[in-house]
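Structural features, examined
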Amino acid sequence: MSTFELKTHQIGRTYSNPHFFILNKGLNSGKPLTNPCPNCFVVTTSTEEEKNTLFHISMMLQIGGFYAYYLKGSVIPFISIDDCRNMLKKTYSSMLNENPQLQKHIRIVSAINKKEAELNSIISKMADLKVSYIQNVFSKMQKEAI
């Protein structure tokens with residue numbers, strides 16, 4: 001069974017066990033993070049494998065919009081620690097019953113995320129190339145005008 005612990009992160013605190021963070025305020029509530037931020041929970045686990053599994057489950061819940069049902073607040077929406085913990089526990093325990101399928105889904109989502117990161121890197125490089133090209137064109141035009 002699951003041995004993870006979900007608590008409110010305190011700024012400046014370090015953790016020795018495998019851990020990750022979950023954003024708890026804003027429209028991206030439930031988004032798993034590798035680095036802490038002021039408005040997040042920390043999930044600590046006993047093993048690295050369990051951490052990776054919970055990280056990807058949290059990512060799938062957030063991307064799928066399943067945390068959105070639990071958002072509270074009218075100005076800045078947030079998810080309560082109990083709602084987040086219960087949703088994560090319920091999903092984790094139900095997915096553990098289908099362990100081979102769970103690992104398959106996690107591998108697929110991981111591959112999609114990796115490809116998305118590669119494409120974002122290419123898009124960023126293309127934007128830099130466009131800026132360099134435009135700057136080069138206008139610097140040549142300015143030199144010719146002088």
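Residues numbered from 1 in each chain as written. Predicted model: local features only at pLDDT ≥ 70, side-chain atom pairs only at ≥ 80, totals over all residues. Heavy atoms only, no water.

We now examine the overall build of the chain. A tally of helices and strands in the chain yields three helices and four strands. Put simply, the chain runs from its N terminus to its C terminus through helices and strands in the order β-β-β-β-α-α-α. For 146 residues, the compact-globule estimate of 2.2 N^0.38 gives 15 Å, and the chain exceeds it by more than 25% at 21 Å. The buried share of the chain, taken over its 146 residues, is 32%. Excluding contacts between residues fewer than 6 apart, the proportion of contacts in the chain whose partners are at least 24 apart in sequence is 63%. Of the roughly 9,900 Å² of accessible surface on the chain, 57% is carried by carbon and sulfur atoms. Looking at the chain, you have 17 positive and 11 negative side-chain charges, and the mean spots of the two groups are 3 Å apart. (Helix = DSSP H or I, 4+ residues; strand = E, 2+ residues; numbered from the N terminus. Rg over C-alpha atoms; globule rule 2.2 N^0.38 Å. Buried < 20%, exposed > 50% of the residue type's maximum accessible area, 1.4 Å probe, protein only. Contact = heavy atoms within 4.5 Å. Areas by Shrake-Rupley, 256 points an atom, 1.4 Å probe, with all protein chains shown as cover. Lys, Arg positive; Asp, Glu negative; His and termini not counted. Charge placed at Lys NZ, Arg CZ, Asp CG, Glu CD.)

Orientation of helix α1 (residues 48-63) relative to helix α2 (residues 81-96), taken along the N-to-C sense of each, is 115°, at an axis distance of 10 Å. Judged by the inter-axis angle, α1 sits roughly perpendicular to α2. Considering how the two elements wind past one another, α1 and α2 form a crossing that is right-handed. Where α1 abuts α2, its residues E50, T53, L54, I57, S58 and L61 lie against M87, L88, T91, Y92 and M95. For the contact of α1 with α2, a count of residues per class yields seven nonpolar, three polar and one charged. (Axes fitted to C-alpha atoms, helices over the stretch in contact; angles between N-to-C directions. Parallel < 35°, antiparallel > 145°, perpendicular 65-115°, else oblique. Left-handed = near helix turned anticlockwise from the far one by under 90°. Nonpolar A, V, L, I, M, F, W, Y, C, P; charged D, E, K, R; others polar.)

Turning our attention to the packing of aromatic side chains. If you walk through the whole model with that rule in mind, you get four aromatic pairs. With centroids separated by 5.4 Å and ring planes inclined at 80°, the aromatic side chains of F20 and F55 adopt a geometry described as edge-to-face. Note that F20 is positioned in strand β2 (residues 19-23) and F55 in helix α1, a separation of 35 residues in sequence. (Phe/Tyr/Trp six-rings, centres within 6.5 Å; stacked < 30°, edge-to-face > 60°.)

This part covers the confidence of the model for the chain. In low-pLDDT segments, the atomic positions of the prediction should not be examined closely. With 98% of its residues at a pLDDT of at least 70, the chain reaches an overall mean of 88. Looking at the elements of the chain, mean pLDDT is at its lowest for α2, recorded as 87, and at its highest for β2, recorded as 93. (pLDDT = per-residue confidence, 0-100.)

Before going further, it helps to examine the sheet that holds strand β1 (residues 5-8). Strands sit in the order β1-β4-β2-β3 across an open sheet of four strands; the sheet is antiparallel. At either margin of the open sheet sits one strand with a lone partner, and together these are β1 and β3 (32-33). Most of the contacts of α1 go to β2, to which it runs at about 15°, and overall it touches β2, β3 and β4 (40-44). Across the sheet, α2 lies against β1, β2 and β4, angled at about 160° from β1, the strand it touches most. (Pairing = 2+ DSSP bridges.)

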